[in-house]
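Examining the three-dimensional arrangement
This is what each chain is made of:
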Amino acid sequence: MPVRTYDVTERVFTAMQTLDITSLAGYPEHEIRPVLPSLVRMSLLSPLDNTEGSMESRKQILAVLIGIEVVNSIVSYLQVNYHELENDLKKELQTRQKNASFLDAQQQQQQQQQQPQPEYGLQSGIALGFERADVARKVRVVLSEIFNLQQQLTNANGVGGEAKSTTTASSSSNSNNNSSGSSSGNSSSLTTTALLTHSEMLDDGIYLEEVVDILCIALAELPSLLNILELTDALVQVPNGYRIVCALVANFPDCYRDVVSHVIANCDEEAADGKQRLLLLMSLSEMNPSQALANRSMCVEMLKVPSFMLKLALKHPDDLIAFLTGLLLGNDQNLRSWFALYIRTSQKRKGDALNLVRVELLQKIVRITSKAAELKDFNLQGAVLLRLYCALRGIGGLKFNDDEITALSQLVTSCPKATPSGVRFVTLALCMLIACPSLVSTIQLENKAVEWLQWLIREDAFFCKRSGSSSSLGEMLLLLAIHFHSNQITAISEMVCSTLAMKIPIRPNSTNRIKQLFTQDLFTEQVVALHAVRVPVTPQLNGTIPGYLPVHCIHQLLKSRTFLKHKVPIKSWIFKQICSSVRPVHPVMPALVEVFVNTLIIPNPTGKISIDHMHRPFTELEILHVFRTSPLTFFAEELQSESSDELAQVEVSCPLTSQLLMIYYLMLYEDTRLMNLSALGGRKQKEYTNNFLSGLPLKYLVQKAHQYHSDYLSLFHPLLRLIISNYPHLSMVDDWLEEHYLGGNAALQHIHHNHERKLELLERALNTLQAKPQMAIRIFKRLLQLPAESLAQYAPQLVEHMPQVFAKNVPRYVKDLYNDLWLRLNAVLPTTFWLMSLRAITRSADALNNRRSFGNESLLEPMDVLACPRQVFCSPYMLVILLRILKGSLAASKTYLNVHMQQKQVLDKNGLVQTDADREELKTTLIASQESAAVHILLEVLEHMDSKATSRVAVLELREIQGIIGSYVHQAFITEPSLAKLVHFQTYPKSVIPMIVASVPSMHICIDFVHEFLNVTEMDKQIFTIELTSHLVLNYSIPRSLGVSKFCLNVIQTTLSLLTSSAKCKFLRHVLPSMVRFVETFPILAEDCVNILMNTGRSLHSQSSLGVTTMQMPLTESAKLCSYRDAQLHINMIEDAFKVLVEAVMQKAELY
């Protein structure tokens, strides 16, 4: 057919791109025919440069054109007056626009259908007239025909837009999202509504050459009227339009990328012109195959024309699998969704590009399975294909045909060599069996899968031995069987998705067949349990080991109570795995410990299965085996660790990780046991004593876990929660704020190596502390640079000499260094260290041991802590240590009482726990009495020191002690506000009130409840309350203080009116200073105070003058004289109070 010969060939386009005239000269005439317009124009136009090279190129072009007859007609087109033609065409375009503005789109379409095609003044029709017309008229006819196409396209788009606006919202959104979601903004309207247009001149291939010649020259001569992109949109509507566009691009090769990107951006495969645009894209790609990958990338970026993209991908079959894998498994979610939607909608169409891709992939599967033994990279190629088909099935929703199922089944059930890549291939194949249930849809395929799985089970030890990987394929099989037995399809789905590294849906009903294979034919529940416990533990288990490990299997079997059901002991395996764990801790290990503890305490939570076998908790010997290398267990004086042959064979890989896991086990065990005492039903459960737990460095280990927080992320937070709730004295706020227990300098580790000699030096420095303090300073500084575990070895000598260090004539710098040492040692084993410190302070170890209470050897009764000599409270440093111990003992005592309430529960006749409000109230009262007694003792210490503070040094010591005690009381009041009310209700020495109000910032809370104490009838409490209130309002002059002050003055006035003369005088003597403070704070109260003083003075004067009491009873002569003398004294006291008021308030310059 002559039209086919007009297609642009690859070599011609390449020559035009590089302007290789030599190559063009060697091509036949019919092959270079499409690009003749450009060559003729280049030969006739005068060049911009007259160099020798340009002249030579022009001669070569003329040599090519000589002898070609059609060149003469092309030359005639160049001789047309295009300036005049441009003016005429602009007028024609204006006329078309005016007509379009008066008619709406539907009327224009009807007219175009009813009226014949325009003949542009040709009397014998367009085709015949075109042949007979002159050159200028031919150009005019072709350009007018192009304009007519553009107008029809515009009208059709307008009609389509109106129709589109009347459709439903769902169809509109689907059309926008699926077809033109990513198209270019300026041309997005030219997509779906255009219809193929018939043109008598353009449809016929006879005029194709002349039309191309005219359009090529017109594009160059009329750039203001013609644009190649607009020409492409118009020409793509006619059958031969793609050939014309290809010829135009061949004549203007620099426009290739612009045309391709424009067509891709505006192409919708579902539209009427979709096939024509696809045909144009394929023709352009065949014309320039070197740009195939660039065009494919353009489709991916724009999310357009997936069929064209796949056809381009098929031109590079070696890159096909990698390209498809990148589309489906890449990081671009929009790209993945777009391609998956195309797969779902296109897999039923015959002859589509997707079917061609499936054929190519199928051939690759057949090719590699047939040559599996010969291919060196079979495992790699097979694994890539398996992941690709899993993505096509899971993400793209591709339904496999029979040929694909057969080929994939053959690939999946391959038996590769035992290499790491072979393990990877088999793991992916196993996951694909689960993700693609169609691979076991028939009996034959099912039998094939069973045989392959049985081969895996037999060869599992071989794979583990040779693969060199840390995870085992057998463990994955075991874990899958466990999940299938417990019907945890979600866990299986997560496992398969993480192995395949893609998120695909796995429905429960689609896994029935493979589940039956695992649970009935391969792994029964008993086989799973017996096989799991024989799997060796993972050496050096840590969080960086990928894959599925034995710990996953054991965790899941423990969770489903399978070991209990089939009487399989598991304690030894868990203990060995704890000893083999290193940091960073594996995230499953804390969960494994938690499940193990739950099976110990609550073996049958649901009651659905019969369990007559019980797991055994860890023994003290096993726990101490983990701590045998710790240098801190020497504090546990009562613990005697006995070694056994079985334990001696278990090696602890990372002491810190194993000890933290064991501590977590102990904390969780005790917490779970206490929480489920009622569920035990009288069953005796092992209990770890507090004395045993106190010998373990709990606090030190928690601080180490905090120091290496990133390594113990999954363990630190639950462990800290358990210690805070059960052992609050080990996690006090002051300890976390201290920075002294941070690691020391490794450069001074030689101190640890020469331990005996350094002990002698330390002993000598402590004995000669007062005479040679510089030696102690030097030793203390070196000790501070040691880590806590090394410093602990010097603790007995340091604590023994505590009273000598804190003597008055020892330099303060030495005391500061010793205090830092004590705080660092306190971070190791607090409770034992507290006992050692108290023994050193009291110098009475036996008496202290006899005062232990609650039956708890590791905790001190809070009052015993304060049963120290008086000089201890007068030393600021010793007082700080004592208060630190007191806080811990109070917190431990409170926790112990709560535990005691849980352990000694009251049961009714039905065995149910009975709540006892009286016991709870007694516990609350005991805790409150302990805390209030501690505060009262400290306040009495302040009173004693205040009475003895005669020298300047004593005053300074009093001020320091006041700050220490005030800080403690403040924290106590903030922690428990009700304690403040209780302490002030019980009252304390009035001389301490100013010091407490000044040094305790939280005293302002007393303003809220002091008015309740004024209702008490006891005069002493009323006097204490009034004085306390006066000091409070002096420090906190807030609006509420004014109301409380008025209430106190009213109480004073009322009380004075009811008392006898002697009682009135006593009361007045104590409240007068308070009244002055009220007026000093609030001068507005001066009038009320003056009235109270005047009325009281008049009353005393009248009673003394008349010689009667307030009850109107006559007095004897001696009583009258005594009453008169007392009244005069108190009148003088009232007069002095007037003077003080005047001086302190009335004459206060600040008021004026």
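By the naming in an unreviewed UniProt entry, the protein goes by Integrator complex subunit 2 and is assigned to Drosophila rubida. Note on the protein: under the UniProt heading Subcellular location (unreviewed entry), the record states "Nucleus". Under the Sequence similarities (unreviewed entry) heading, UniProt states for the protein: "Belongs to the Integrator subunit 2 family."

Turning to the packing of aromatic side chains, a few remarks are in order. The geometry of an aromatic ring pair is captured by the separation of the ring centres together with the interplanar angle, meaning the angle of the planes. Counted under the stated rule, the structure contains 22 aromatic pairs. Over the ring of tyrosine 708 we find arginine 583, and its NZ or CZ is 4.0 Å from the ring centre. Across the ring face of phenylalanine 985, the terminal group of lysine 1021 is positioned such that the distance to the ring centre comes to 3.9 Å.

Assignment of secondary structure puts glutamine 1022 in helix 59 (residues 1019-1035). A polar atom in the side chain of glutamine 1022 sits 3.0 Å from the backbone oxygen of valine 1016. Excluding its chain neighbours within four sequence positions, the residues that come into contact with glutamine 1022 are Leu1014, Val1016, Val1051, Thr1055 and Phe1067.

Moving on, we get to the confidence of the model for the protein. The share of residues in the protein with pLDDT of 70 or more is 81%, and the mean pLDDT across the chain is 80. Residue range residues 159-195 is modelled with pLDDT below 50. Its contacts to residues more than four positions away, or to other chains, number 46 contacts.

Looking now at the environment of isoleucine 574. Within the secondary structure layout, isoleucine 574 lies in helix 33 (residues 571-579). When the C-alpha atoms of isoleucine 574 and phenylalanine 618 are compared, they prove to be 9.8 Å apart, with 44 residues separating the residues in sequence. Contacts of isoleucine 574, omitting those with residues within four sequence positions, involve Leu558, Leu592, Phe596 and Phe618.

With that settled, consider helix 53 (residues 876-903). Under the 1.5 Å per step criterion, the end-to-end length of helix 53 is 40 Å for 28 residues, consistent within 8% with the ideal 40 Å. Helix 53 sits mainly inside the fold: 21 of its 28 residues count as buried.

Now for the packing of helix 27 (residues 473-485) against helix 28 (residues 489-500). In the contact formed by helix 27 and helix 28, the axes pass within 8 Å of each other and the chain directions differ by 150°. Considering their axes alone, helix 27 and helix 28 lie roughly antiparallel with respect to each other. In the crossing of helix 27 with helix 28, the sense of the turn from one axis to the other is left-handed. Of helix 28, the residues touching helix 27 (which contributes Met476, Leu479, Leu480, His483 and Phe484) are Ile489, Ala491, Ile492, Met495 and Thr499. Across the contact of helix 27 with helix 28, the residue classes tally to eight nonpolar, two polar and no charged.

All chains considered together, the criterion is met by 23 salt bridges. Residue aspartate 7 is joined to arginine 243 by a salt bridge in which the shortest nitrogen-to-oxygen separation is 3.0 Å. Of this pair, aspartate 7 sits in the segment before helix 1 (10-18) while arginine 243 is found in helix 14 (residues 241-251), placing the two residues 236 residues apart along the sequence. Assessed through its relative accessible area of 21%, aspartate 7 is described here as partly exposed. A salt bridge links arginine 11 to glutamate 31; its shortest N-O distance comes to 2.6 Å. With arginine 11 in helix 1 and glutamate 31 in helix 3 (residues 29-32), this pair connects stretches of sequence that are 20 residues apart. Arginine 11 sits in the partly exposed class, given a relative accessible area of 41%. If you follow the salt bridges from partner to partner, you end up with Arg33, Glu209 and Asp213 in one network.

Moving on, we get to helix 48 (residues 812-826). Counted at 1.5 Å a residue, the expected span for helix 48 with its 15 residues is 21 Å, and the 21 Å between its end C-alpha atoms agrees. Burial analysis of helix 48 places twelve of its 15 residues in the buried class, the great majority of the element.

Turning next to unusual backbone geometry. With an omega of 0°, the peptide bond between arginine 583 and proline 584 qualifies as cis. On the secondary structure map, proline 584 appears in the loop between helix 33 and helix 34 (588-601). Positioned with a positive phi, threonine 987 is a non-glycine residue whose angle comes to about 65°. Along the chain, threonine 987 turns up in the loop between helix 56 (977-986) and helix 57 (993-999). On the accessibility criterion, threonine 987 (24% relative accessible area) is partly exposed.

Basis of the calculations
- Residues numbered from 1 in each chain as written.
- Predicted model: local features only at pLDDT ≥ 70, side-chain atom pairs only at ≥ 80, totals over all residues.
- Heavy atoms only, no water.
- UniProt positions renumbered as here; feature names shortened; annotations may be inferred.
- Phe/Tyr/Trp six-rings, centres within 6.5 Å; stacked < 30°, edge-to-face > 60°.
- Lys NZ or Arg CZ within 6 Å of the ring centre and 35° of its normal.
- Helix = DSSP H or I, 4+ residues; strand = E, 2+ residues; numbered from the N terminus.
- Polar contact = N/O pair within 3.5 Å; in protein donor to acceptor, adjacent residues only side chain to side chain.
- Contact = heavy atoms within 4.5 Å.
- pLDDT = per-residue confidence, 0-100.
- Expected span 1.5 Å × (residues − 1).
- Buried < 20%, exposed > 50% of the residue type's maximum accessible area, 1.4 Å probe, protein only.
- Axes fitted to C-alpha atoms, helices over the stretch in contact; angles between N-to-C directions.
- Parallel < 35°, antiparallel > 145°, perpendicular 65-115°, else oblique.
- Left-handed = near helix turned anticlockwise from the far one by under 90°.
- Nonpolar A, V, L, I, M, F, W, Y, C, P; charged D, E, K, R; others polar.
- Salt bridge = Lys/Arg side-chain N within 4 Å of Asp/Glu carboxyl O.

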